[in-house]
Amino acid sequence: MAGWLAGWLGSRLSEETLQKPKPMVEIGGKPILWHIMKMYSQQGINDFVICCGYKGYMIKEYFANYFLHMSDATFDLANNRMEVHGRHAEPWRGTLVDTGETTMTGGRLRRVGEHVRGEEAFCFTYGDGVSDIDIGALIAFHRNAGVLATLMATPPPGRFGALDLDDRQFVTVFKEKPEGDGGLINGGFFVLSPQVLDLIEDDHTVWERAPLETLAQRKQLAAYRHPGFWQPMDTLREKVLLEGLWASGKAPWKTW
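Residues numbered from 1 in each chain as written. Predicted model: local features only at pLDDT ≥ 70, side-chain atom pairs only at ≥ 80, totals over all residues. Heavy atoms only, no water.

Trainee: Any chance you could explain the environment of Glu-238 here in plain terms?
Mentor: Relative to the elements of secondary structure, Glu-238 occurs in helix H8 (residues 236–247). By relative accessible area, Glu-238 is classed as buried at 5%. Within polar-contact distance, the side chain of Glu-238 engages the backbone nitrogen of Asp-234 at 2.7 Å. (Helix = DSSP H or I, 4+ residues; strand = E, 2+ residues; numbered from the N terminus. Buried < 20%, exposed > 50% of the residue type's maximum accessible area, 1.4 Å probe, protein only. Polar contact = N/O pair within 3.5 Å; in protein donor to acceptor, adjacent residues only side chain to side chain.)

Spelled out as structure tokens, the structure:
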């Protein structure tokens with residue numbers, strides 16, 4: 001089962017997210033949430049819990065009208081009838097939960113606890129980033145580690161042009177969007193035991209603070225190294241980057 005964070009307001013992508021929740025911002029005409037679900041589905045995970053917050057009704061409406069979004073349709077206005085042509089159904093089962101507009105990341109996970117308590121482990125993913133990560137390998141790593149939580153550790157994507165200067169302050173090397181300096185960051189793909197829910201106090205708990213810090217202190221947080229592609233969509237520039245990759249026909253996360 002895959003748990004999602006979905007529906008918060010992305011202030012750095014305000015050109016889009018004032019009108020829609022961040023996971024509904026589109027890449028190639030499809031919400032980034034759709035891309036993430038396709039990633040998981042291609043690797044055999046088709047049961048989803050989606051945490052809805054800011055403008056979450058738009059996520060519900062999208063899935064309620066999924067056939068219309070994905071198919072041709074004929075509208076017979078005189079007879080008040082609609083016919084959908086060539087229905088394409090994904091093998092998905094989605095539970096959409098209203099987790100509150102101002103709830104923090106940990107609080108959102110806590111609110112969907114009833115839907116994952118019975119699982120041995122479940123996947124937990126932010127609704128605003130794509131990757132070519134091998135989900136099956138991530139799950140296997142988690143099981144072998146014998147811990148309560150595993151996160152994907154990845155080099156940060158480059159964002160700015162790097163400069164090398166000589167002693168006269170002339171540029172000697174310019175490298176656009178360099179990769180990270182070798183450090184790793186949390187890439188937002190997790191495998192978790194339901195027991196981690198007990199570390200979340202209330203709606204104000206930030207998942208990346210007390211719960212993860214506590215798990216690390218208890219040696220219950222493992223890191224799965226992923227040197228491949230990972231890209232969040234936090235800014236308009238990153239959205240344009242992802243749009244370009246999709247338009248090229250070589251989007252690294254498109255494995256279906």
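Trainee: Explain the packing of aromatic side chains to me, please; I cannot follow it from the model alone.
Mentor: The relative placement of two aromatic rings is captured by the distance of their centres and the angle of their planes. Summed over all chains, the structure comprises 16 aromatic pairs. Here the aromatic rings of Phe-124 and Trp-207 are separated by 5.8 Å at their centres, their planes lie at 80°, and the arrangement is edge-to-face. Remark: Trp-207 occurs in the loop between strand S13 (185–192) and helix H7 (210–217) and Phe-124 occurs in strand S8 (residues 122–126); sequence separation between them is 83 residues. Aromatic rings pair up to connect Trp-34, Phe-229, Trp-246, Trp-253 and Trp-256 into one cluster. For Lys-30, the ring lying beneath its charged end belongs to Trp-34, and the centroid distance is 5.4 Å. (Phe/Tyr/Trp six-rings, centres within 6.5 Å; stacked < 30°, edge-to-face > 60°. Lys NZ or Arg CZ within 6 Å of the ring centre and 35° of its normal.)

Trainee: Sorry, what's going on with helix H6 (residues 135–145) here?
Mentor: Quick reminder: α-helices carry 3.6 residues per turn. Residues three or four places apart thus point the same way. Looking only at H6, the buried set comprises Ile-135, Leu-138 and His-142. Down the axis of H6, the sector holding all buried residues measures 60°, keeping them to one side. Facing away from the buried side of H6, by more than 90 degrees, are the exposed residues Arg-143 and Asn-144. Residues of H6 that are buried make contact with helix H2 (32–42), S8, strand S10 (149–154), S13 and strand S14 (221–225). Of the residues that open H6, the one with a side-chain oxygen 3.1 Å from the backbone nitrogen of Gly-136 is Asp-134. Phi turns positive, to about 65°, at Gly-146, one or two residues after H6. (Arc of directions from axis to C-beta. Contact = heavy atoms within 4.5 Å.)

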